[in-house]
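If you want the building blocks of each chain, they are given just below.
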Amino acid sequence: MPGTHEHPPVPPTSGRATPQFRDAAQRARAGATFDSDLSASADGATGYHRVRPGYPSQVIDSLRRFLPAGTSPTAIADIGAGTGKLTAPLADAFPGAAVTAVEPSEEMRRALALNCPGAEITGGTAEATGLKTASVDVAACAQTWHWVDTEAATAEFARILAPGGIALLVWNTLDVSVPWVHRLSRIMHAGDILRPGFYPAVGKQLGLAGELRCAWEQTLTIDDIVLLARTRSYWLRSKESVRQKVEANLHWYLAEHLGHGYDEGIALPYRCDAFYYRAAG
């Protein structure tokens, strides 16, 4: 058809249909390495917060639809809250709610205190939040569920949810259906590319109430995208020579090959997948 063209085929980036680690030991090692290396990096959690994507407004708009009719949450917990990328918009969307950010990383908790000054910040985990039984109307987990023991975390979420409460699991994924983004993900060694249409592993205590799948964009400069690569576990775990190679390849690809200027905002496509659960039974 005149005026149209087809993109070249995009090879698979990952064979994973769902986010996961091989076992609990691998999960613990990866988490400890990520935390310690991010703490030691020059950019730290501040740089992480600036360049890591937030979440499109549809995620919270959809959450409202699954809450009991005519109600607004009075207590919200963001679990594995990181630097507060979802905590802050949840607090803004429901200003009357008490918001608790549960985060095991000390480095991330320091950033949380700056980014979400109105939230109560605690050091628990998804498997052991330290929250009271039936105490929250919303229990959220953004970009984190693949780091947890899903059976234990499911049981914990079901325990802390008040009657009618909603558990929200949400992920951003680079949209590798776009060919240039696919190549970018390979250069960055982005390991969290998940198949479109995936469902997370969740225990029987939670039942799926609905889902949201949408596309959106984050505008970053070349230097921002390089910083984004520095927040990835591959870069954090690599020796200095590998880090320098990754960064040089990113500068070449974005500036020389794609022709972007260093002062230019680049629209980086993402796919967002959100899942809304109620306690079963």
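Residues numbered from 1 in each chain as written. Predicted model: local features only at pLDDT ≥ 70, side-chain atom pairs only at ≥ 80, totals over all residues. Heavy atoms only, no water.

1. What to know about the sheet that holds strand β3 (residues 120-122)
Spatially, β3-β2-β1-β4-β5-β7-β6 is the arrangement adopted by the seven strands of the open sheet, whose pairing is mixed. The open sheet has two edge strands with one neighbour each: β3 and β6 (206-220). In this sheet, neighbouring strand axes are inclined to one another by 20° on average, regardless of whether the strands run parallel or antiparallel. The pairing of strand β4 (residues 136-142) with strand β5 (residues 161-174) spans six bridges and is parallel. What sits directly across from V138, in β5, is I166. Its contacts with the sheet place helix α7 (residues 179-188) against β5 and β7 (266-279), and it is angled at close to 80° to β7. (Pairing = 2+ DSSP bridges. Helix = DSSP H or I, 4+ residues; strand = E, 2+ residues; numbered from the N terminus. Axes fitted to C-alpha atoms, helices over the stretch in contact; angles between N-to-C directions. Contact = heavy atoms within 4.5 Å.)

2. Structural notes on the packing of aromatic side chains
Applying the stated rule across the entire model yields eight aromatic pairs. Ring centres of W216 and Y270 lie 5.5 Å apart, and the angle between their planes is 20°; on these two criteria the pair is classed as stacked. Pair noted here: W216 is in strand β6 and Y270 is in strand β7, with a separation of 54 residues, a long-range link. We classify W216 as buried; its relative accessible area is 17%. (Phe/Tyr/Trp six-rings, centres within 6.5 Å; stacked < 30°, edge-to-face > 60°. Buried < 20%, exposed > 50% of the residue type's maximum accessible area, 1.4 Å probe, protein only.)

3. Here's the deal with helix α3 (residues 58-66)
Taken as a whole, α3 has its buried residues at V59, I60, S62, L63 and F66. Down the axis of α3, the buried side of the element spans an arc of 160°, and every buried residue falls inside it. The secondary structure elements touched by the buried residues of α3 are α4 (87-93), β4, β5, β6 and β7. (Arc of directions from axis to C-beta.)

4. What to know about the nonpolar core
The tendency in soluble globular proteins is for nonpolar side chains to be buried as a group. Residues V59, F94, V170 and Y276 are the most contacted members of the largest nonpolar core, which totals 56 residues. In contact with F94, not counting residues within four places along its chain, are I60, L63, R64, L67, S72, P73 and I76. By size, the runner-up hydrophobic cluster in this structure holds 23 residues, among which are A75, A77, V136 and L194. (Core = buried A, V, L, I, M, F, W, Y, C linked by side-chain atoms within 4.5 Å.)

5. A closer look at the packing of α7 against helix α10 (residues 240-257)
Two elements in contact, α7 and α10, have axes separated by 9 Å at closest approach and are oriented at 160°. When the axis of α7 is compared with that of α10, the two are roughly antiparallel. For the pair α7 and α10, the sense of crossing is right-handed. Across from W180, R183, L184, I187 and M188 in α7, the residues of α10 making contact are V246, N249, L250, W252, Y253, L254 and H257. (Parallel < 35°, antiparallel > 145°, perpendicular 65-115°, else oblique. Left-handed = near helix turned anticlockwise from the far one by under 90°.)

6. Digging into the environment of M108
Among the structural elements, M108 can be located in helix α5 (residues 106-115). The spatial distance from the C-alpha of M108 to the C-alpha of T83 is 5.2 Å, given a sequence separation of 25 residues.

7. Considering unusual backbone geometry
Here the phi dihedral of Q143 falls at roughly 60°; this positive angle occurs in a residue that is not glycine. Here Q143 lies in the loop between β4 and α6 (150-160). Its identity as a non-glycine residue notwithstanding, H189 has a phi of 55°, on the positive side. Its place among the elements puts H189 in the loop between α7 and β6. Taking the relative accessible area as the measure of exposure, H189 reaches 38% and is therefore partly exposed.

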